[in-house]
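Structural overview
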Amino acid sequence: MTLTVYNTETRSKQEFVPVEDGKVGMYVCGPTVYDDCHVGHARTYVAFDTIRRYLEYKGYTVTYVENFTDVDDKIINRAAEKNIPPLVLSENYIQSYFEDMERINVRKATIHPKASETIPDMITVIQGLIEKGYAYMANGSVYFEVEKARDIFGKLRHQSLEDMRDGARIEVDMEKRSPKDFALWKKAKPGEISWESPWGEGRPGWHIECSTMSWKYIGRTLDFHGGGMDLIFPHHESEIMQAEAYTGQPFVNYWLHNGFLEIDKEKMSKSLGNFFTIKEVLGRYDPMTLRFFLVYTHYRSPIDFSDAAMDEATSSYGRLKKLHRMLNDVVGEIEDGVIPEFGAPDDDVLKLAFSIKKEFTDAMDDDFNTRIAVSTLFKLDSEVKELQRSGKIDQSNAYVLLSVMDELTGILGLEFIYEESSIGGELAEGLVQILIDLRKKARDNKEWATADLIRDRLKELGIILEDGEATTWKLT
Ligand code: AMP
Ligand code: ZN
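All values derive from a computational prediction rather than experimental measurement.

Summing up its helical and strand segments, the protein has 14 helices and 15 strands in all. Each of the three principal axes of the protein carries a C-alpha extent, and together these read 85 × 55 × 40 Å. A buried classification covers 50% of the 476 residues belonging to the protein. Contacts in the protein between residues far apart in sequence, at least 24 positions, make up 75% of those at least 6 positions apart. Side chains of the protein give 58 positive and 81 negative charges; the mean places of these two sets differ by 3 Å.

Listed below in structure tokens is the structure:
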């Protein structure tokens with residue numbers, strides 16, 4: 001099946017045709033590095049990492065560029081509060097970002113350019129825009145004149161310039177010819193980090209960063225440009241205007257925007273204060289469970305984040321882990337690089353493996369529908385249970401099923417890592433005993449729900465309670 005993708009620009013699903021055969025150039029807006037990332041950020045980067053993995057699975061050579069916005073008001077203000085240079089602050093959070101992403105198996109981009117390292121290129125583009133009559137200087141700053149690009153405006157927002165009221169969602173600034181104009185270059189305030197330019201000391205605006213970095217590392221027309229839905233306007237709309245005004249060529253062929261991760265129907269964000277950092281969440285849940293939770297929703301749909309939803313993900317992912325473990329145990333140890341000789345697998349097992357793979361890839365070809373793709377893995381689990389009941393899960397059949405499972409979960413970036421079950425020393429053993437005592441107390445008080453909850457949660461951690469004269473425990 002051919003790959004179709006939903007393009008925000010055309011508001012429809014379109015067949016994907018790359019600019020250059022066999023290659024994909026993809027740019028994703030990176031984080032503004034002034035703090036640790038929250039799980040809303042994880043949502044976005046897991047979504048695009050999965051898309052990238054699938055494109056590679058289909059055989060494309062993908063150039064994946066994701067920037068760091070390391071020059072920005074929020075960074076400057078936070079650095080001033082902490083009394084450290086802005087670029088030191090941003091570097092710390094870049095490292096924190098990489099740590100978080102590695103844990104949830106988000107691969108590094110082909111290149112992660114930093115805004116602070118691309119300033120000469122941005123100055124060249126801004127100069128070009130002034131020469132072409134799309135930008136003007138005012139008091140040491142440079143603005144893009146939106147009126148001049150009225151033919152380009154509105155591709156993503158789907159509104160004409162007239163439909164946009166002056167001052168709506170944009171600050172009114174006396175320096176600008178129109179409130180709709182946006183800064184390409186901002187004059188430095190005294191004492192603020194700045195770079196030299198033909199217009200004096202200053203720093204670039206946010207939108208020009210991304211256009212410049214994407215051209216520099218991919219080329220004039222990108223196959224994909226992505227980010228969260230909040231970036232559609234003004235960020236991406238402004239990027240299109242700058243880019244197409246400067247090059248006269250289409251900037252992006254397919255715009256991809258993911259839905260938000262929400263809490264109680266509100267976008268998780270630093271400014272609303274309704275956020276949990278990735279580090280916090282990984283203190284409570286396994287990294288692969290978090291990744292599973294994120295890919296078990298189509299990238300354009302919103303995700304509701306809650307303890308209940310994470311607990312549900314723990315149990316659903318647990319089902320896949322159990323399946324993988326069982327197949328792995330049946331197959332046994334295989335030496336790296338050795339092709340095992342198990343004898344021929346059964347026809348119905350081969351058919352099952354083939355049909356699961358087809359359903360999975362059909363779902364991914366339909367605008368990267370990971371929700372349906374994951375559900376085919378649950379189907380595999382049910383079918384394998386059937387085969388198990390009829391005694392068909394021998395080594396060769398298990399090997400076929402395990403291979404297909406690894407191939408497909410790899411596209412989703414899910415990994416199954418086995419560590420020998422162990423429990424860490426006296427402290428952990430003491431804690432299990434406390435929980436057993438509390439459960440006994442709950443049972444004595446006929447608080448059955450609490451008692452069951454303790455037993456079930458321990459079971460999820462691989463600790464099985466056995467009731468006898470006294471309750472004992474063992475590891476699965
Ligand atoms: P920022 O650091 O705020 O510029 O955001 C970096 C990326 O994360 C952007 O693509 C945002 O759209 C995305 N993002 C921020 N918050 C959320 C959220 N709650 N859900 C999904 N994506 C988000
Ligand atoms: Zn951007």
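Along the chain, the position of G40 falls in helix 1 (residues 39-57). Under the relative-accessibility criterion, G40 is labelled buried at 12%. As a C-alpha pair, G40 and I152 span 112 residues in sequence and 31 Å in three-dimensional space. Excluding residues that lie within four positions of it along the chain, G40 makes contacts with L261 and M268.

Now for the nonpolar core. Within the largest apolar cluster, 89 residues are counted, with the highest numbers of intra-cluster contacts made by M26, L55, L290, F293 and L327. No fewer than three residues from each of domain 1 (4-132 + 206-282) and domain 2 (324-412) sit in this core. Among all residues touching L327, those that are not within four sequence positions of it are V384, I393, A398, L401, L402 and M405. Listed in part, the 42 residues of the second largest apolar core include Y27, C29, C210 and M241.

The two faces of a sheet get side chains in turn, since along a regular strand they alternate between them. The sheet contact formed by strand 14 (residues 463-466) and strand 15 (residues 472-475) spans four bridges and is antiparallel. Following the sheet pairing, I463 is matched in strand 15 by L475. Between strand 14 and strand 15, which pair antiparallel and follow one another directly, the connecting turn spans five residues.

Moving on: the sheet that holds strand 5 (residues 135-138). Across the sheet, four strands lie side by side as 5-6-7-8; this open sheet has antiparallel pairing. Each end of this open sheet is capped by a strand with a single partner; those strands are strand 5 and strand 8 (202-204). Sheet twist, expressed as the average angle between the axes of neighbouring strands with direction ignored, equals 20 degrees. Where strand 5 and strand 6 (residues 141-144) come together, four bridges link them in antiparallel fashion. Within the sheet, the bridge partner assigned to A135 lies in strand 6 and is F144. Packing against the sheet, helix 6 (residues 232-247) makes contact with strand 6 and strand 7 (182-187), and its axis sits at approximately 85 degrees to strand 7.

Further remarks concern unusual backbone geometry. Looking along the chain, the bond that leaves F233 and enters P234 is cis, with omega of 5 degrees. Within the secondary structure, P234 sits in helix 6. A positive phi angle is found at D367, which is not glycine, with a value near 55 degrees. Within the secondary structure, D367 is located in the loop between helix 10 (347-365) and helix 11 (370-389). On the accessibility criterion, D367 (1% relative accessible area) is buried.

Moving on, we get to the state of the cysteines. Within this structure, the stated rule accounts for zero disulfides. Its sulfur unpaired, C37 is 14 Å from the next cysteine sulfur, which belongs to C29. C37 sits in the buried class, given a relative accessible area of 4%.

Reading the values: rules and limits
- Residues numbered from 1 in each chain as written.
- Chains lettered and ligands numbered in written order.
- Predicted model: local features only at pLDDT ≥ 70, side-chain atom pairs only at ≥ 80, totals over all residues.
- Heavy atoms only, no water.
- Helix = DSSP H or I, 4+ residues; strand = E, 2+ residues; numbered from the N terminus.
- Buried < 20%, exposed > 50% of the residue type's maximum accessible area, 1.4 Å probe, protein only.
- Contact = heavy atoms within 4.5 Å.
- Lys, Arg positive; Asp, Glu negative; His and termini not counted.
- Charge placed at Lys NZ, Arg CZ, Asp CG, Glu CD.
- Core = buried A, V, L, I, M, F, W, Y, C linked by side-chain atoms within 4.5 Å.
- Domains from an automatic or database assignment.
- Pairing = 2+ DSSP bridges.
- Axes fitted to C-alpha atoms, helices over the stretch in contact; angles between N-to-C directions.
- Disulfide = S-S within 2.5 Å.

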